[in-house]
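Here are the chains, one letter per residue:
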Amino acid sequence: MTRPTPGRRRGWARRMLAGTVGLVVAAGGAGCAVGDAGTAPGVEHEGTIGLLLPEAQTARYEASDRPTFVSVTGRRCPGCTVLYANAAQDAAAQLEQAESMLAQGADVLVLDAVDTVAAVGIVTQAKRLGAQVIAYDRFVDGADYYVSYDYEFIGFLLGSALAGTVTERAARADADQDAGQEGGQDDDGRPGVLLAHGSATDPNALALAAGARRALEGEDIDVLAEHYTPDWSPDKATEWTEAMLTQYPGRVDGILAANDAIAGGAIAAAKAAGLDPVPVTTGQDGELAAVQRIVAGDQFMTVYKATDQQAATAAELAVRVLRGQDPRTTAVTDGVPTVLLAPRAVGAADVEHVIVDGHVYTVDQICVPAYEAACERAGLLGSGDAAGALEGVGAR
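Reading the values: the criteria
Residues numbered from 1 in each chain as written. Predicted model: local features only at pLDDT ≥ 70, side-chain atom pairs only at ≥ 80, totals over all residues. Heavy atoms only, no water. Helix = DSSP H or I, 4+ residues; strand = E, 2+ residues; numbered from the N terminus. Buried < 20%, exposed > 50% of the residue type's maximum accessible area, 1.4 Å probe, protein only. 1 Å grid on protein atoms, 1.4 Å probe; cavity = no way out; pocket = protein on both sides within 12 Å on 5 of 7 lines; lining within 4 Å. Points joined across faces, edges and corners; volume = space filled by probe spheres on them. Nonpolar A, V, L, I, M, F, W, Y, C, P; charged D, E, K, R; others polar. Disulfide = S-S within 2.5 Å. Contact = heavy atoms within 4.5 Å. Phe/Tyr/Trp six-rings, centres within 6.5 Å; stacked < 30°, edge-to-face > 60°.

A. Local environment of unusual backbone geometry. Put simply, Asp276 and Pro277 share a cis peptide bond, and its omega is 5°. Among the secondary structure elements, Pro277 is positioned in the loop between α9 (260–272) and β10 (280–281). With phi around 50°, Ala88 is a residue other than glycine that occupies positive phi space. Positive phi is not limited to glycine here, since Gln89 has a value of about 65°. Of note, Gln89 is situated in the loop between β3 (80–86) and α4 (91–103). Looking at Gln89, the relative accessible area reads 26%, which means it is partly exposed.

See below:
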């Protein structure tokens, strides 16, 4: 099918939606900030690309995804205008933001959906106006392309890290008990874990949960309880973990947290309950606060996803699509051409060479005063050998 040129389609969009633009922009509220990057002076306008992100509670979106996407798009396409909006976890607001962008002549929407079911409506409207949609991070039915990570594999990484560590510690505790020392698990010797998943409305959360269950299948572990955390909320994760620690006193050896924000909430609950050390806790996203918790020994591991690489990939793809080129993809997801990127598990022993040497965060960013002592023990500060200092704090 021949797609209308950006100029012809923009004119059509303006005629179709001119009467609603003012209403849509107003209804979008504080979450909608358009015109992040306009066409460079003296450069012919090539088209308009819209970036729609779901929320700002997760640090990556405003700290990494947005600035990287805008920068790469501006460099690759000086004649492109970039529109941007953050929906603040409101699916209705995101629909209004998308409508506003389409009314302004967006040729390509890069969409990280708040609600992937509701977002099908955005895809439908975009197609009606001749625009194309790149589903970003979360799959949306009917999108033209999809850029993300393999979330079931990430879930498998989380489950494997948790299972390996709690069973190893259980075996060590049993050996101590046999030797007459204090320690051990519950009466049957099996470690107990909690599974704190993400939002049940997010397909990525469902994929993470499936991967985690696959990793735990057949392991000598009791899954005490599992829960889908509404809106990926750290506060709600704290509340649920507090309740579970009360329901299963002394039995929670590990917590599979689906991302770093949930991990932070779970760890806060464990600390409030007086657990020292806290249960083995996973996470993913590679947030700065999570890296600091890993260095301090509170969080066991995270899965680092190069969000700048993901945003740059989506920007490159958007420019190619806008120019009518045929982008190269690596997979197909439910019939949609897909680019999948590779994640990386990060424990304490990996912080220096993955996070610091990889220029994700600097030592100064990690080792603020509250974490100076932990950083010294970890070898990130001072003259000690980093690898030796980190031994036993986490796992490769």
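B. Quick look at empty space enclosed by the protein. Applying the stated criterion to the full structure yields 1 cavity of 30 Å³ or more. In this model, the largest cavity occupies a volume close to 120 Å³. For the lining of the largest cavity, the residue count by class is 3 nonpolar, 4 polar and 7 charged.

C. Structural context of the state of the cysteines. Applying the stated rule across the entire model yields 2 disulfides. Between the sulfur of Cys77 and that of Cys80 lies a disulfide, 2.0 Å long from S to S. On the S-S bond that ties Cys77 to Cys80, the torsion sits near 70°, and the link is right-handed. As far as the burial class goes, Cys77 and Cys80 line up, both buried. The disulfide partner of Cys367 is Cys375, and the S-S distance across this bridge is 2.1 Å. The disulfide joining Cys367 to Cys375 has a torsion of about -95° about its S-S bond and is therefore left-handed. For the residue pair Cys367 and Cys375, the accessibility class agrees, reading buried in each case.

D. Spatial organisation of the environment of Val166. Examined against the element boundaries, Val166 turns out to sit in helix α6 (residues 151–178). Under the relative-accessibility criterion, Val166 is labelled buried at 2%. C-alpha of Val166 to C-alpha of Val193: the two residues are 27 residues apart in sequence and 8.5 Å apart in space. The residues touching Val166, leaving out its near neighbours within four places in the chain, are Pro191, Val193, Ile221, Asp253, Gly254 and Val280.

E. Geometry of the layout of surface pockets. Here the second largest pocket defines a volume of roughly 290 Å³. Every residue lining the second largest pocket is counted, 16 residues in all, and those nearest its centre are Ala63, Ser64, Thr307, Val360 and Tyr361. The set of elements that each furnish at least two residues to the lining of the second largest pocket consists of α3 (60–76) and α11 (307–322).

F. Representation of the packing of aromatic side chains within the structure. This structure, assessed with the given rule, holds 1 aromatic pair. Ring geometry for Phe139 versus Tyr146: centroids 5.3 Å apart, planes at 75°, classification edge-to-face. Tyr146 carries the same exposure label as Phe139, and that label is buried.

Scope: geometric values only; no functional claims are made or implied.
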